[in-house]
There are 8 protein chains.
Amino acid sequence: MNKVAVIMGSISDLPVLQDAVDVLKGFNIEVEVDIVSAHRTPEKMFDFGKNAHTRGFSVIIAGAGGAAHLPGMIAALSPLPVIGVPVKSSNSIDGWDSILSILQMPGGVPVATVALNGAKNAGILAAQIIGTSDKAVSDKIIAYKESLKSKVIEGAKQLKKE
Amino acid sequence: MNKVAVIMGSISDLPVLQDAVDVLKGFNIEVEVDIVSAHRTPEKMFDFGKNAHTRGFSVIIAGAGGAAHLPGMIAALSPLPVIGVPVKSSNSIDGWDSILSILQMPGGVPVATVALNGAKNAGILAAQIIGTSDKAVSDKIIAYKESLKSKVIEGAKQLKKE
Amino acid sequence: MNKVAVIMGSISDLPVLQDAVDVLKGFNIEVEVDIVSAHRTPEKMFDFGKNAHTRGFSVIIAGAGGAAHLPGMIAALSPLPVIGVPVKSSNSIDGWDSILSILQMPGGVPVATVALNGAKNAGILAAQIIGTSDKAVSDKIIAYKESLKSKVIEGAKQLKKE
Amino acid sequence: MNKVAVIMGSISDLPVLQDAVDVLKGFNIEVEVDIVSAHRTPEKMFDFGKNAHTRGFSVIIAGAGGAAHLPGMIAALSPLPVIGVPVKSSNSIDGWDSILSILQMPGGVPVATVALNGAKNAGILAAQIIGTSDKAVSDKIIAYKESLKSKVIEGAKQLKKE
Amino acid sequence: MNKVAVIMGSISDLPVLQDAVDVLKGFNIEVEVDIVSAHRTPEKMFDFGKNAHTRGFSVIIAGAGGAAHLPGMIAALSPLPVIGVPVKSSNSIDGWDSILSILQMPGGVPVATVALNGAKNAGILAAQIIGTSDKAVSDKIIAYKESLKSKVIEGAKQLKKE
Amino acid sequence: MNKVAVIMGSISDLPVLQDAVDVLKGFNIEVEVDIVSAHRTPEKMFDFGKNAHTRGFSVIIAGAGGAAHLPGMIAALSPLPVIGVPVKSSNSIDGWDSILSILQMPGGVPVATVALNGAKNAGILAAQIIGTSDKAVSDKIIAYKESLKSKVIEGAKQLKKE
Amino acid sequence: MNKVAVIMGSISDLPVLQDAVDVLKGFNIEVEVDIVSAHRTPEKMFDFGKNAHTRGFSVIIAGAGGAAHLPGMIAALSPLPVIGVPVKSSNSIDGWDSILSILQMPGGVPVATVALNGAKNAGILAAQIIGTSDKAVSDKIIAYKESLKSKVIEGAKQLKKE
Amino acid sequence: MNKVAVIMGSISDLPVLQDAVDVLKGFNIEVEVDIVSAHRTPEKMFDFGKNAHTRGFSVIIAGAGGAAHLPGMIAALSPLPVIGVPVKSSNSIDGWDSILSILQMPGGVPVATVALNGAKNAGILAAQIIGTSDKAVSDKIIAYKESLKSKVIEGAKQLKKE
């Protein structure tokens, strides 16, 4: 069975990354959450990155702020698809630092970057990746997209009434 | 078998997107290339987006420049994972417009964004996604990462000699 | 008679877009408001864009935040003039993402972009467009410009007294 | 009959603005071109702005670079819809200065801003505005949009062959 | 005797511009304050700009926010030195719009730009300009600079004690 | 008689600063040019800044690129009005570094900043400052502004003919 | 014995710079704190910069905001390594001004720049520099890095329990 | 004896980093150059970072472009002072990506960042660090600063003659 890892550089990133966890649980996908700091626990990061694909993970979601090196380093260490979530941390320069540190990876080592604080989309993207080989999940994604639609249509109706 | 679509807004984006095609062919993954313009052929884009998952594609790579709407619109229309490649086109403002138009998608509709002109990484990422359920491909990715390493080690040796 | 559509990607954009509605009503121009999300209701957007010019609309005002694709996609689908309002939404990067996603349209498909959160100006611009063939409206615009002047002159007088 | 004014701050902006003239002529719309500098000929600008609507113009296209004040000042002086074209001039800071000087107009005085160097789109937008009351022009716009489509479809076919 | 005009586009800019007025009064320089909006009262701006040098003014301080055209247009109309104060207004994009609209003037028409919200420095600069021909004022500037020094030295002493 | 100093951090800035010298000579204003580097000749900079007002200078024009400290340090040392010219040097980040290093001076120590590479405007501004007390110079400025106008009018006529 | 100077342009920068002081005291390194303003006390800055290396200092930490000239000027005056701390002051443009004013020094005069408001890292960097010749300090740095690790590991354990 | 390591992510960065090597050799400081890629040779990077301080190095200079993780990861792994050189590589976004990826390190793990492409200053800074405990080197730095001065003075004299 497919499993997703959600890791982050600091416990202070959890409120942002929790969105990814919630989305994945909503899709009935197994999730493991861990704190893995590129700068403070480089050895743990190395172990995690080197072994994730042998521990049953299919996708890794990594979130970090500022000079955000965790997603790119995990992508360097693991053959799995890595989704990077730029986090707008307290001393960030409007989020530009984390976006560019995650997005602008050199040729050979991709990170699938989502929007600033876009952990919800990281969760959906991980589900879509699993859905490429798991019909139950891809059906749920199709249903999820329909539910997005319904909410807008409902809102539009409400607006018309008022 | 898994197939990847590589689409772009304009034939002028082909020199950038070709890198994705080459990488995927190097991994023995079937690729289809097409021109699909969000702004000039919206109906074709709709058809493409709505039907890609029933036509045997597992992943869609979409590249566009300026106010780049193709990746996000395909992500709106398809349940498949969509990889967006920001292209630095001629009248782009240093690439910021295409990056932000692709990256900053709203919650619910992710685009896996890679670096500016990073089509090579889009190809590798697509292979990694396919590799989550295809051991032959994931083995090739592990081998590819080893080859990246060897080239650097070789270069370093050469440098030491000089 | 001329009619203006004011559409937006999410009900949360209404507080910004309401300014356009109010201005147009002040000019006695008929307005229809709707929620049309490029990313969550692409089919509704398609219908809206393809048919707006046959439903009596002369101008479309479209507001959206983040990777704002609604104005550009409506411009792709409709022959009408489309006015885009960049909205500074909660996870926006200071508004740069919505500005560039709306402004930097490729050759062939213009969006008349106004300032960040500039829905009031979108309403005035729509009135000016209608005023090109409706003398009653163009007279109101001339009067409106005079009223802007009067308020400043009045304020300056007040300042002199103090 | 409707007429469009295409004005610019300096003769050096003509290569950019010529695109607007060409588009408008292609739509059989009468165009007048003039050099009107906000900073070097403020009196001429005043005369032009105050009288354009009595001289048979329906729309004004104004292009300028750097601290680009011409579009906004014309919008202050004229009740007509004003389309602003940010020009990337030689000492511009990547075009940001002209974009922001034209786009960020205060409430009450809109400028319909198009992309950096987007004079072609300025011409199309002017035609769309005229098309709101001139069926011949709006038919041509519909035809123009079809021609955009055909070219992409043709290009895509060519690509498939190779 | 030398006189300084302090003008601004809107009464809402007064809290920022007041710093210039206070500094000038502290130097015993006569000041006149007025509201002159480039976009809402262009005729008043024209009159002001054309006649300021015949009304006894030596220097004009002009503050404005967003697409800030007042300082540059006054510089176009008047032979006097014009000091521009970029104001960070509510819908400004972090102040970049007002800074670039004021700073990036074309060759031939300078605006002496000070820091964002830097009205205090505009006042001092106006005094320095008057000081080039008025020894009483230039003596006060020298004294003012000494007082800046004393405050820092005093603060440093206080810090040492603690 | 009034004299203007034109100083720059490096001889490589001379091609930019020469515009200021030429303008001033055109106004018959005495100019002295010198190389004064804040970072490489801080003692010379100190001497220059402390003594400029006793050596017959009325205005100082200082140009520098990158982390441009010369204009601000001269403004700290001298009671004279200081005009800063941001120079876009080779390793500059599009000129943003020199602009912000010169413009964003703290309260108490103004630098009259002109556009990126805007040395011509620095020269005109210096002449305008001198013109506040020298009628011959202020007459020349009025004439100069007329000549700007004539050239545009001439160009516009030429355009009409073609 | 090695001593570190922590200087800043204004007492209002102390809350930021205090982090450097605390870190250094934690490493048992002697610190001296002073207010030295490049723009308001240039003479004091000159004395400080010229003599710091003869007064027993090994490293200088200098913090400043806006057009931050203190770190670069101290680097011009002193042969010691200078660490610059960009401070996000009240009228700063999101900190870009202080970052670029400190970072973009010309060839020949380096400033070791740390993150925006990164005074803590400035303190650690100063300790690392001293640690290059003082084994007691370098041992403390190794221990400090271990303590960073432990805190993350502890936090990760806590997270697992919940 | 003190030794400096100069490492870079790719051989293509050598033309930039060579400046650091040349400066250090000019100061008679031993240098070792190596290619160490964070993303392609993470194991080599780990070994290098963990052992540099036991191999006789005092300072590490690390240069990288784009999402530049090498300097920060080395700083995470080594107790030595690490100097980061942002390199403006071919697909970089004007260098912003490498600057922010290197500069904005989290609290606890400093990187001493120099200007974009500022390898020369990295070399000087490394020498200054060594100079804190090696009088021969610190004397050379004092002499070097004098030589900078002489060149400017000489240039200024030349200018005066012409």
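First, a word on what this report is: a plain description of the structure on this page. (Residues numbered from 1 in each chain as written. Chains lettered and ligands numbered in written order. Predicted model: local features only at pLDDT ≥ 70, side-chain atom pairs only at ≥ 80, totals over all residues. Heavy atoms only, no water.)

Looking only at helices and strands, chain A features six helices and five strands. Mapped in sequence order, the helices and strands of chain A form the string β-α-β-α-β-α-β-α-β-α-α. A compact globule built from 162 residues should have a C-alpha radius of gyration of about 15 Å, and chain A, at 17 Å, falls within 12% of that. For the C-alpha atoms alone, the extent of chain A along its principal axes is close to 55 × 40 × 30 Å. (Helix = DSSP H or I, 4+ residues; strand = E, 2+ residues; numbered from the N terminus. Rg over C-alpha atoms; globule rule 2.2 N^0.38 Å.)

Residue-level contacts link 41 residues of chain B with 41 residues of chain A. Summing the contributions of chain B and of chain A, the shared interface buries around 3,100 Å²; its carbon and sulfur component is 63%. Counting across the interface, chain B meets chain A through zero salt bridges. Linking chain B to chain A there are 19 residue pairs in polar contact (both at pLDDT 80 or more). Elements with a minimum of two residues in the side of chain B that touches chain A: helix H3 (70-77), helix H4 (96-103), strand E5 (112-113), helix H5 (119-131) and helix H6 (135-161) of chain B. Broken down by class, the residue content of the side of chain B that touches chain A amounts to 26 nonpolar, eleven polar and four charged. (Contact = heavy atoms within 4.5 Å. Buried area = accessible area lost by both parts, 1.4 Å probe. Salt bridge = Lys/Arg side-chain N within 4 Å of Asp/Glu carboxyl O. Polar contact = N/O pair within 3.5 Å; in protein donor to acceptor, adjacent residues only side chain to side chain. Nonpolar A, V, L, I, M, F, W, Y, C, P; charged D, E, K, R; others polar.)

Residues and elements named next belong to chain B. Among the secondary structure elements, methionine 8 is positioned in strand E1 (residues 3-8). Owing to a relative accessible area of 0%, methionine 8 belongs among the buried residues under this scheme. Along the backbone, methionine 8 and aspartate 47 are 39 residues apart, and their C-alpha atoms lie at a distance of 15 Å. Excluding its chain neighbours within four sequence positions, the residues that come into contact with methionine 8 are Asp13, Leu14, Leu17, Val33, Asp34, Ile35, Val36, Gly63 and Leu70. (Buried < 20%, exposed > 50% of the residue type's maximum accessible area, 1.4 Å probe, protein only.)

Summed over the entire model, instances satisfying the criterion amount to one cavity of 30 Å³ or more. The volume enclosed by the largest cavity comes to roughly 400 Å³. What lines the largest cavity is a set of 24 residues, and nearest its centre among them are A:Trp96, B:Trp96, C:Trp96, D:Trp96 and G:Trp96. Mapped onto the lining of the largest cavity, the elements with two or more residues apiece are helix H4 (96-103) of chain A, H4 of chain B, helix H4 (96-103) of chain C, helix H4 (96-103) of chain D, helix H4 (96-103) of chain E, helix H4 (96-103) of chain F, helix H4 (96-103) of chain G together with helix H4 (96-103) of chain H. (1 Å grid on protein atoms, 1.4 Å probe; cavity = no way out; pocket = protein on both sides within 12 Å on 5 of 7 lines; lining within 4 Å. Points joined across faces, edges and corners; volume = space filled by probe spheres on them.)

Another point: the relation of the copies chain B and chain A. When chain B is brought onto chain A, the operation consists of a screw motion whose angular component is 180° and whose axial shift is 0.0 Å, with 0.0 Å RMSD remaining. The relationship between the two copies is best expressed as a two-fold rotation axis. (Least-squares fit on C-alpha atoms with pLDDT ≥ 70 in both.)

For the rest of this paragraph, the subject is the packing of aromatic side chains. Taken as a whole and judged by the stated rule, the model has 24 aromatic pairs over all chains. The interplanar angle of 35° and the centroid separation of 6.0 Å between the aromatic rings of A:Phe48 and A:Phe57 together place this pair among those described as tilted. A residue is classified by how much of its surface remains accessible, and A:Phe48, at 7% relative accessible area, is buried. Ring geometry for E:Trp96 against F:Trp96: centres 5.3 Å apart, planes inclined by 70°, an arrangement best described as edge-to-face. Taken together, the positions of E:Trp96 in helix H4 and F:Trp96 in helix H4 put the pair across two chains. A residue is classified by how much of its surface remains accessible, and E:Trp96, at 10% relative accessible area, is buried. Between the NZ or CZ atom of B:Lys3 and the centre of the ring of B:Phe57, over which it lies, the distance is 4.6 Å. (Phe/Tyr/Trp six-rings, centres within 6.5 Å; stacked < 30°, edge-to-face > 60°. Lys NZ or Arg CZ within 6 Å of the ring centre and 35° of its normal.)

Next up on the list: the pairing of strand E4 (residues 82-87) of chain H. Residue and element names in this part refer to chain H. Burial runs high along E4: six of the six residues are buried. The side-chain alternation of E4 yields two buried faces, one formed by Val82, Gly84 and Pro86 and the other by Ile83, Val85 and Val87. In this structure, strand E3 (residues 57-65) lies alongside E4, joined through six bridges in parallel fashion. Residue pairing across strands places isoleucine 60 opposite valine 82, the latter belonging to E4. Handedness of the β-α-β unit built from E3, helix H3 (residues 70-77) and E4 comes out right-handed. Two strands pair when backbone bridges link them, and E4 and strand E5 (residues 112-113) are joined in this way by two bridges, in the parallel orientation. For glycine 84, the partnering residue across the bridge sits in E5 and is threonine 113. Between the parallel pair E4 and E5, the chain is carried across by H4, and the sense of this crossover is right-handed. (Pairing = 2+ DSSP bridges. Right-handed = clockwise from strand over helix to strand, strands pointing away.)

Turning our attention to the pattern of salt bridges. Scanning all chains against the criterion turns up 56 salt bridges over all chains. Residue B:Arg55 is joined to B:Glu32 by a salt bridge in which the shortest nitrogen-to-oxygen separation is 3.4 Å. Of the two residues, B:Arg55 sits in the loop between helix H2 (42-51) and strand E3 (57-65) while B:Glu32 sits in strand E2 (residues 30-35), which places them 23 residues apart along the sequence. Overall, B:Arg55 belongs to the partly exposed group, its relative accessible area being 39%. On the basis of relative accessible area, B:Glu32 is assigned to the partly exposed category, the value being 25%. Here F:Lys44 and F:Asp34 are joined by a salt bridge, their closest N and O atoms 3.0 Å apart. With F:Lys44 in helix H2 (residues 42-51) and F:Asp34 in strand E2 (residues 30-35), this residue pair connects regions lying ten residues apart in the sequence. Classification of F:Asp34 by relative accessible area gives buried; the value is 12%. Linked through salt bridges whose partners overlap, the residues forming this network are A:Glu43, G:Glu146, G:Lys149 and H:Lys50.

What follows deals with the interface of chain B and chain H. At the junction of the two partners, chain B supplies twelve residues and chain H supplies 15 residues. Summing both sides of the interface, chain B and chain H together bury roughly 1,300 Å²; the carbon and sulfur share of this comes to 65%. At the surface where chain B touches chain H, the tally comes to one salt bridge. With a closest N to O distance of 3.0 Å, B:Lys149 and H:Glu43 form a salt bridge. Seen at the junction of chain B and chain H, the total is two residue pairs in polar contact (both at pLDDT 80 or more). Sorting the residues of the side of chain B that touches chain H by element identifies H4 and H6 of chain B as the ones contributing at least two each. Looking at the side of chain B that touches chain H element by element, the count peaks at seven residues for H6(B). Looking at the side of chain B that touches chain H, its residues break down into eight nonpolar, one polar and three charged.

Let us now look at the relation of the copies chain B and chain H. Placing chain B over chain H gives an RMSD of 0.0 Å and needs a rotation angle of 90°, together with 0.0 Å of translation along the axis. A rotation of that kind, with that shift, is consistent with a four-fold axis. Within chain B, the C-alpha atom positioned nearest to the axis of rotation is that of B:Asp94, 5.4 Å from it. When the interface residues of chain B are mapped onto chain H, a mere 17% of them are again interface residues, pointing to distinct binding faces.

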